[in-house]
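Each chain is listed here by its residues.
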Amino acid sequence: MDGNGRWATKRHLPRSAGHARGVQSVRNALEYFGALGTRYLTLFAFSSENWRRPSEEVNLLMGLFVQALEREVDELSSKGVRLRVIGDVSRFEPKLQRMIQQAQDTTAHNEAFHLTIAANYGGRWDILQATQKMLSLDPALIDNPSLIDEDSLARHLSMAWAPEPDLFIRTGGEQRISNFLIWQLAYTELYFTDKYWPEFGAGDMDAAVQWYRHRERRFGRTSAQIHAVAEKVN
Ligand code: FPP
């Protein structure tokens, strides 16, 4: 969700106004992807590198996060949304940590739509914590490293319960992944747009989905192999 600050600066508004509008775009995205039938939506709200921002901006983002949890969780839950937060939440204020836990508990029985917020998240952190967890659960692996395979490590990643993403969207003009779900994005279609997050509306989401629909997902196979399988199915 990139471009909140630039959206505001372009309008001679404080960066905070961009983040506030960004929250509205989150609501729009939930509505759009919910109506589309998407089951998993993961939003990168705060990276492990975002602590480097001025403390007022970090506090503002934390405040928006608390506010969103206070205001939206009950309604999200009534719509069948299961909310999870991934990332190292231990660095957040205890109040925010409690609210996150409460929101996760309140929505734990839902399964229509999985909304995940990545907060103080980094893809490298995720791989590292998965490795540590795997080894602490099975210390014998240290003497038998060849027993470790992709699946055994992936089982400990913070989104092990979800399928790998089909589509990644980055707004705001940059063309990089910035330490998002680096393991899980290996075969994901990557879509980049110049639109800033606060102005990324339903029409823009539709354009991203249409673009995705025309991608040929080969997962290492040849185009001819993919067509042969498609013909067999049809
Ligand atoms: C990137 O824009 C955006 C963020 C770092 C924060 C995203 C947060 C929100 C949309 C609000 C809170 C979210 C939830 C889920 C309640 P930027 O500040 O990097 O913009 P810039 O690159 O133009 O400066």
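Our subject is the structure that appears above.
No experiment lies behind these values; they were computed from the predicted model shown. (Residues numbered from 1 in each chain as written. Predicted model: local features only at pLDDT ≥ 70, side-chain atom pairs only at ≥ 80, totals over all residues. Heavy atoms only, no water.)

Right, let's talk about the nonpolar core for a bit. Across soluble globular proteins, nonpolar side chains show a tendency to be buried alongside one another. Of all hydrophobic cores here, the largest spans 32 residues; its most connected members are F33, F65, L69, L96 and L115. Of all elements in the fold, only α2 (15–36), β1 (40–47), α3 (55–78), β2 (81–86), α4 (94–106), β3 (113–121) and α7 (202–213) reach the threshold of two or more residues within this core. In terms of residues, this core owes the most to one element, α3, which gives eight residues. In terms of nonpolar packing, the next biggest core, distinct from the first, is built from ten residues, I86, Y121, M159 and F168 among them. (Core = buried A, V, L, I, M, F, W, Y, C linked by side-chain atoms within 4.5 Å. Buried < 20%, exposed > 50% of the residue type's maximum accessible area, 1.4 Å probe, protein only. Helix = DSSP H or I, 4+ residues; strand = E, 2+ residues; numbered from the N terminus.)

Looking now at the packing of α3 against α4. Where α3 contacts α4, the two axes come as close as 10 Å, and the packing angle between them is 20°. One finds that α3 runs roughly parallel with respect to α4. In the packing of α3 onto α4, the handedness of the crossing is left-handed. Between α3 and α4, the contacting residues are M62, F65, V66, L69, E70, V73, D74 and S77 on the first element and K95, L96, M99, I100, A103 and T106 on the second. Of the residues belonging to the contact of α3 with α4, the class tally is nine nonpolar, two polar and three charged. (Axes fitted to C-alpha atoms, helices over the stretch in contact; angles between N-to-C directions. Parallel < 35°, antiparallel > 145°, perpendicular 65-115°, else oblique. Left-handed = near helix turned anticlockwise from the far one by under 90°. Contact = heavy atoms within 4.5 Å. Nonpolar A, V, L, I, M, F, W, Y, C, P; charged D, E, K, R; others polar.)

Before going further, it helps to spend a moment on the pattern of salt bridges. A side chain with one charge may pair with a side chain of the opposite charge, provided their charged atoms come close. All told, the structure shown has eleven salt bridges when counted by the stated rule. Here R170 ties to D2 by a salt bridge, and the two come within 2.9 Å at their closest N and O atoms. One end of the pair, R170, is in strand β4 (residues 167–170); the other, D2, is in the segment before α1 (4–10), and 168 residues separate them in sequence. For R170, a relative accessible area of 12% corresponds to the buried category. The partner of R11 in a salt bridge is E199, and the shortest N-O contact between them spans 3.8 Å. With R11 in the loop between α1 and α2 and E199 in the loop between β5 (189–192) and α7, this residue pair connects regions lying 188 residues apart in the sequence. (Salt bridge = Lys/Arg side-chain N within 4 Å of Asp/Glu carboxyl O.)

Okay, the packing of aromatic side chains next. If you walk through the whole model with that rule in mind, you get twelve aromatic pairs. Considering the side-chain rings of F44 and F180, the 4.6 Å spacing of their centres and the 20° angle between planes classify their relative orientation as stacked. With F44 in strand β1 and F180 in the loop between β4 and β5, the pair connects residues that are 136 residues apart, well separated along the chain. Judged by relative accessible area, which is 17%, F44 ranks as buried. A ring pair is formed by F168 and F192, whose centres lie 5.9 Å apart and whose planes are at 65°; its orientation type is edge-to-face. Of this pair, F168 sits in strand β4 while F192 is found in strand β5, placing the two residues 24 residues apart along the sequence. (Phe/Tyr/Trp six-rings, centres within 6.5 Å; stacked < 30°, edge-to-face > 60°.)

Turning to the site of the ligand, a few remarks are in order. Lining the immediate surroundings of the ligand are 17 residues, of which M1, D2, R6, R15 and R53 lie closest. In this structure, an oxygen atom belonging to the ligand sits 3.3 Å away from a main-chain N or O atom of G3. In this structure, R53 approaches the ligand through a side-chain N or O atom, which is 2.7 Å from an oxygen atom. For the ligand, whose accessible area on its own is 630 Å², the fraction buried by protein is 90%. Of the residues forming the shell around the ligand, the biggest block, four residues, is contributed by α2. (Near = heavy atom within 4 Å. Polar contact = N/O pair within 3.5 Å; in protein donor to acceptor, adjacent residues only side chain to side chain. Areas by Shrake-Rupley, 256 points an atom, 1.4 Å probe, with all protein chains shown as cover.)

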